[in-house]
Structure formats: structure tokens, C-alpha cells
Amino acid sequence: MPETMESAMLARWHQLTGTQMLQALVDGEVPHGAHHDLLGLRVTGARKGAVDETWRPPRQLANFAGSGVHAGYLAMVLDDACCAAGTSHGDRAYPMITLSLHLDFLRAVRPGQEYTVHAELVHAGRRRMVANARIVDAEGRTAAQARADVVPDTDFAERMRAAAEGDGP
């Protein structure tokens, strides 16, 4: 059975910081997840408090008229980037829980075209983090932007500690 993003991250969770885990994704040591494949999204860079992604939305993400990518998918991509920026800050690769997501749609995102997505933390509190993300077209124009409030999923950390002690996943 091929390694999944989830199994690869679980196997490395105790050894890698959040930034190192995201870099393992960039380097191909951890496979991208099913949601990345669905969206046409790839993490291309990671540093503490920030991530870069490339996005080539497939035609299946178009709105009913086919004129642009459905806004819900833009929200999903921006949320993914904001959460990844939060994950990059941790001593481990904690999944993030989104508390709020504020979006601005500025221009159409066209299926089949390549975009870059940048996200960075603007507040890295111990409990709550705030991240900004942008989807940028090939001409450097922002197509959409978001601000998200995220928190680490501490229940996940407890499950990982229990798994390390042999008490289950």
C-alpha cells in the first residue's frame, strides 16, 4: 500500500518541527495529500511562519458558467495556506483548526492557469495565530486574499503522545 500524506506525517511527527515537515513535503519525502491532488495545489516552500504554494486549478473546479474557479475552492486554497503557515511555526507539525476566515475576491481565477499562493503569520501567539494569504496570478496581481485565525489541534498532539507510549493512535 503506498504511503499517504497522513501516514508519512504520522511516522515523522515526533522527529520533525512544523517547518521541517512542510519542507519534507516540498522535497517529496512526504507525499502531498488527496486534497492537494483534487485542487491541483503543491507546497513549494516553507520557512518558520510562512509557506509558498503553486496552484493550477483543474477545469473541474470551475463555477457553473465555466468562467472562473468557484469561490469555495479559492477559500479552500487560502485556508490551506493560512493553516500551513501556522503549522510551520510549531515545534511539531500540528494540524490547525480555523476559527475564522475573511476573504476578498479581487479578480477571476481561471482553470488551467498557474498561480502562486503565499501565506505568512502576522501573529504567532501560543494559542491563537493570525495568518494572511494571497493568490497571485502570473502578472503579479492578487486575485484573492484571506486573513485567518487558527489554533493548533492540541487533541492531535495528545493522540500522538499516546501513540508514542503505545496507548493507540
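Cut-offs and rules
- Residues numbered from 1 in each chain as written.
- Predicted model: local features only at pLDDT ≥ 70, side-chain atom pairs only at ≥ 80, totals over all residues.
- Heavy atoms only, no water.
- Helix = DSSP H or I, 4+ residues; strand = E, 2+ residues; numbered from the N terminus.
- Buried < 20%, exposed > 50% of the residue type's maximum accessible area, 1.4 Å probe, protein only.
- Polar contact = N/O pair within 3.5 Å; in protein donor to acceptor, adjacent residues only side chain to side chain.
- Core = buried A, V, L, I, M, F, W, Y, C linked by side-chain atoms within 4.5 Å.
- Contact = heavy atoms within 4.5 Å.
- Salt bridge = Lys/Arg side-chain N within 4 Å of Asp/Glu carboxyl O.
- Phe/Tyr/Trp six-rings, centres within 6.5 Å; stacked < 30°, edge-to-face > 60°.

### Considerations on the side chain of Asp-137
Summarising the element assignment, Asp-137 is placed in the loop between strand S5 (129-136) and strand S6 (142-152). On the accessibility criterion, Asp-137 (8% relative accessible area) is buried. At 3.0 Å, the side chain of Asp-137 and the backbone nitrogen of Glu-139 are in polar contact. Only 2.8 Å separates the side chain of Asp-137 from the backbone nitrogen of Arg-141, close enough to count as a polar contact.

### With respect to the nonpolar core
Among the nonpolar cores identified, the biggest contains 44 residues, and Val-30, Trp-55, Leu-74, Val-77, Val-109, Val-117 and Ile-135 are the most heavily contacted of them. It is helix H4 (residues 71-88) that provides the largest number of residues to this core, a total of eight residues. Beyond its immediate stretch of four places on either side in the chain, Leu-74 contacts Trp-55, Val-69, Phe-105, Val-109, Ile-135 and Ala-144.

### Structural notes on the pattern of salt bridges
In this structure the tally under the stated criterion is eight salt bridges. A salt bridge links Asp-137 to Arg-141; the nearest nitrogen and oxygen atoms lie 2.8 Å apart. The partly exposed category is assigned to Arg-141, whose relative accessible area is 38%. The shortest N-O distance in the salt bridge between Arg-147 and Asp-149 comes to 3.3 Å. Residue classification places Asp-149 among the buried residues on the basis of a relative accessible area of 7%. Among the charged side chains, a network of salt bridges with common partners joins Arg-128, Arg-147 and Asp-149.

### Considerations on the packing of aromatic side chains
Summed over the entire model, instances satisfying the criterion amount to two aromatic pairs. Ring centres of Trp-13 and Tyr-94 lie 5.5 Å apart, and the angle between their planes is 85°; this geometry places the pair in the edge-to-face category. Here Tyr-94 lies in the loop between H4 and strand S3 (96-105) and Trp-13 lies in the loop between helix H1 (5-12) and helix H2 (18-26), a separation of 81 residues in the sequence. Looking at Trp-13, the relative accessible area reads 3%, which means it is buried.

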